[in-house]
Amino acid sequence: MRAVLFRLAGAIPTLCGVVLVTFLLTRVLPGDTATYFAGPTASAESIAQIKASLGLDLPLPVQFWRYIVALGHGDLGMSLTTGQPVRTEIVNRLPASAELTLCALILAIGIAVPLGVLAAVRQGSIVDHICRVVATAGVSLPVFFTGLLLVYVFYFLLGWMPAPLGRLDAFATPPPGKTGFFLIDTLLAGDTETFRAALSQIVLPACTLALFALAPIARITRASMLAVLGSEFVRTARASGLSGPTVVLTYALRNALLPVVTVLGMVFSFLLGANVLVEKVFAWPGIGSYAVEALIASDYAPVQGFVLTMAILYVLLNLGIDLLNRAIDPRARRSA
Amino acid sequence: MKRRTVLTAALAAPFVRKAAAQTNPTRAETLILVQEYGPNSMDMQGIGAAQPVNGVSLNCYDTLIRFKRVPFADGIMTHDLKDYEPGLAKTWQVASDGMSCTFKLRDDAQFHSKRPVTAKDVKWSMDRAVSIGGFATTQMAAGSLEKPEQFVAVDDKTFRIDFVRRDKLTMPDMGVTIPFVFDSETAIANSGGDPWAKDYLKNNVAGSGAFKVESWKPGTETIYTRNDDWKCGPLPKLRRVIARDIPSPSTRRALIERGDADMSYGLPPKDFKDLADGGKIRVAAVPVPNAIWYVALNSANPPFNDVRLRQAVAWAIPYEKIMSAALFGRGVPMYGGPETNTGTAWPFPFRYNYNIEKAKALVAAATGGAGISTTLVFDAGSATIAEPMGVLVQESLAQIGIKVELNKIPGANFRGELNKKTAPMVINRFGGWLDWPDYFFFWNYHGKNSIFNVASYQNKDMDKLIDGARFAPDTATYDAQVKAFLQMGMDEVPMIPICQPFHDVAMQKYMSGYTYWPCREPDFRFLVKNA
């Protein structure tokens, strides 16, 4: 418990740094917010008017102070592109991204870990080659390409999948609920019809993302398994006459999981922010596309809010991974 | 509020299910529209309102008068800027001295709040439009609607506008999506002290229009439901409209082709061409009035302050290639016209065509053989069209000794770049809502040097012609001035027109009643789904 608090306290300087750097970075970016939002027929006066109303005419330290004070009240500012408070938008959109990313990650783990283990156990076999091909393809095919390809084949040509219209089809009503995860909210509400609708919407984008996440997980599982399988305690276990599956799953896999879990954390946080293109193709109302739209329009507040949210998530995620590592590996517990 | 609605619905459901089944909009009464991005506000008068907000103004609010709908082709309707039909005003009369107009409001019109529409509401809304700043105020000023004193609520149902000058654009300006009427009492009651209730109206509709906004999730979806008490026209056939924001154009195309969307806005020209050629989807193509894609040449600075060089570029643009490879034929060519202009129509085809010999001769005369290096700027947001265009221009100009570097500028910076007035070459598109040549020339060629005068073209003779036409006392004078400035525009070529773009909308064959308005947003009031 003390360790957890200590770790959290250690994150505070990082977050302060993030706040400062994002603030400065968004100001350094070329692009004139006021001119952009003044509209096509803006006169110099109306641009100045907008600048004043947004506080953009103030000196930078004053702007920063205002930002910090607002942040202290939990106010992330207003987005100009969507016209809504940034906090509401992030709260609404984060679950969408998180749900998609989690589904993709679970799918990826379900395929990549067994694939990696098999590839390591049967090194040089056909499974190993399949693992290599899948990993290479997953990394080298850009997500928007796989996304469009999946849409083209499974929606456009075959018609097996529903229209890529976002989280729910146009006629379904979103479930009332608190988590914002439609798959969980619908089940809590006992609405199996909407659950199926939400599930069918998430399949294609989750597959697209999973394909991308497969590679690092499969490769790291394979490498880590190979190292462990070659170690002395596995040889001892084999020599003691333990069965193949017991050696591989109970002894080797557990020890090989440590780097895999670390990579999982990285892949998750990476996917959460980087699935912009998947969100675009599938009209997924997630946080990545929100931030990119804002960036293109030089809309400061959402960009700052996005980076801050991601930083906080990253800190929490790393903490979670560390705790998980301790659970898996007794040595990690002792060294702390 | 929401919870209560849900609860009431849940409690009432077992008893009213049958009745509810009859009153819920059917799929034939529900339109599914897919677009790149939806409204960022509910208030078209507000600062920073994006293009789709025009649609909210059109469908959820009423103006005093509307442009008359006239057939265009293939069942598509367009409008006549000089002929009007009643909106909230049942009659209107311009005074005999031509210096004011009196509107009589409909007796039965009411806001969504059930309050009757009064002249007081109209006055508040017009005052707001001319005072709020930004685009709304500029657009009002384009029709010489400049200050609150011009607007008079004579009595509950009579409203008068006093003109500051005779301006042929005043009445047309009353039909666009800016001078719409708010429910002023509701707005003020919720304003929290702001005289123009900006925050409230940004997030809420307080109007009398044919549709209400049932739910609005910025960046995701906007749902409109019909206002059954709408009085300003025949009750719309559509009862519910679901407008989804689908950022990827490929996805929007797939949705319309598979039949999961009824209407798709904003596809790249290649997709519109494919859909139109395919024949399964109707593509409503209307050449955007008063609009062109153009290459502007900075006439204030070297090298293009030399008219011979501007003409040389005009002769060296590979027009045909641009039409086929960048625009995929989705526009009306604006090149290869006669030597002298005889009409008052705008846009019209300039006399230039692809003629590299003429271009070379002009460059030789202007530079004596010295090479020129220059930069061509375009907006990254319209790169689908502007980028291939730029590449083709670059290739072609290399042949006449002009070395062009392409510079793609992100949307947020593009207007800033135009404001600097230094870019030597710019590819851009301009369209004016009010379809008068002098309106276009005022913004793009006048020495007042607005942001749209991308070429920074300044010429006293041109200004005199434009000003003469804007406030011409009679048609003969007007026509003469217009002819003269059109000719001057062609001779001087600070802007080289490429084409008049189509406004394309893809829709299913069963859709009818599509109407093209100056704001280009879909009008749900007249759309019918015959499925």
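Refer to the structure presented above.
This text gives an overview of the structure that appears in the document. Remember, it's a predicted structure, so these values are computed and weren't measured experimentally.

About the criteria used
- Residues numbered from 1 in each chain as written.
- Chains lettered and ligands numbered in written order.
- Predicted model: local features only at pLDDT ≥ 70, side-chain atom pairs only at ≥ 80, totals over all residues.
- Heavy atoms only, no water.
- Contact = heavy atoms within 4.5 Å.
- Buried area = accessible area lost by both parts, 1.4 Å probe.
- Salt bridge = Lys/Arg side-chain N within 4 Å of Asp/Glu carboxyl O.
- Polar contact = N/O pair within 3.5 Å; in protein donor to acceptor, adjacent residues only side chain to side chain.
- Helix = DSSP H or I, 4+ residues; strand = E, 2+ residues; numbered from the N terminus.
- Nonpolar A, V, L, I, M, F, W, Y, C, P; charged D, E, K, R; others polar.
- Buried < 20%, exposed > 50% of the residue type's maximum accessible area, 1.4 Å probe, protein only.
- Pairing = 2+ DSSP bridges.
- Axes fitted to C-alpha atoms, helices over the stretch in contact; angles between N-to-C directions.

What follows deals with the interface of chain A and chain B. Each side of the interface is counted separately: chain A has 43 residues, and chain B has 39 residues. Between chain A and chain B, a total of about 3400 Å² is buried, with carbon and sulfur atoms accounting for 60% of that surface. Linking chain A to chain B there are 0 salt bridges. At the boundary of chain A with chain B, the tally comes to 8 residue pairs in polar contact (both at pLDDT 80 or more). Every element with two or more residues in the side of chain A that touches chain B is listed here: α2 (33–38), α3 (44–54), α5 (86–121), α7 (143–157) and α12 (276–281) of chain A. Tallied by class, the residues present in the side of chain A that touches chain B amount to 25 nonpolar, 13 polar and 5 charged.

Residues and elements named next belong to chain B. The topology assignment puts Asp-504 in strand β18 (residues 495–507). The exposure class assigned to Asp-504 is buried, which follows from its relative accessible area of 7%. Within polar-contact distance, the side chain of Asp-504 engages the side chain of Arg-330 at 2.9 Å. Aside from chain neighbours lying at most four places away, what touches Asp-504 is Phe-272, Val-283, Ala-284, Ala-285 and Arg-330.

The next thing to look at is the pattern of salt bridges. Residues and elements named next belong to chain B. Applying the stated rule across the entire model yields 38 salt bridges over all chains. Ionic pairing is found between Glu-221 and Arg-244, a salt bridge with its closest N-O pair at 2.7 Å. With Glu-221 in strand β9 (residues 221–226) and Arg-244 in strand β10 (residues 240–245), this residue pair connects regions lying 23 residues apart in the sequence. Pair check on accessibility: Glu-221 and Arg-244 agree, each one buried. Here Asp-277 ties to Lys-273 by a salt bridge, and the two come within 3.0 Å at their closest N and O atoms. Note that Asp-277 and Lys-273 are positioned in helix α9 (residues 269–278) at a spacing of 4 residues, about one turn of the helix.

With that settled, consider the sheet that holds strand β4 (residues 89–94) of chain B. Residue and element names in this part refer to chain B. If you walk across this open sheet you meet the 4 strands as β4-β5-β7-β6, and the pairing is antiparallel. At either margin of the open sheet sits one strand with a lone partner, and together these are β4 and β6 (151–155). For this sheet, the mean angle separating the axes of adjacent strands, direction not counted, is 20 degrees. Bridge count between β4 and strand β5 (residues 100–105): 5 bridges; the pairing is antiparallel. Paired with Gln-93 across the strands is Thr-102, a residue of β5. Its contacts with the sheet put helix α3 (residues 119–131) on β5, β6 and β7 (158–162), and the angle it makes with β6 is roughly 175 degrees.

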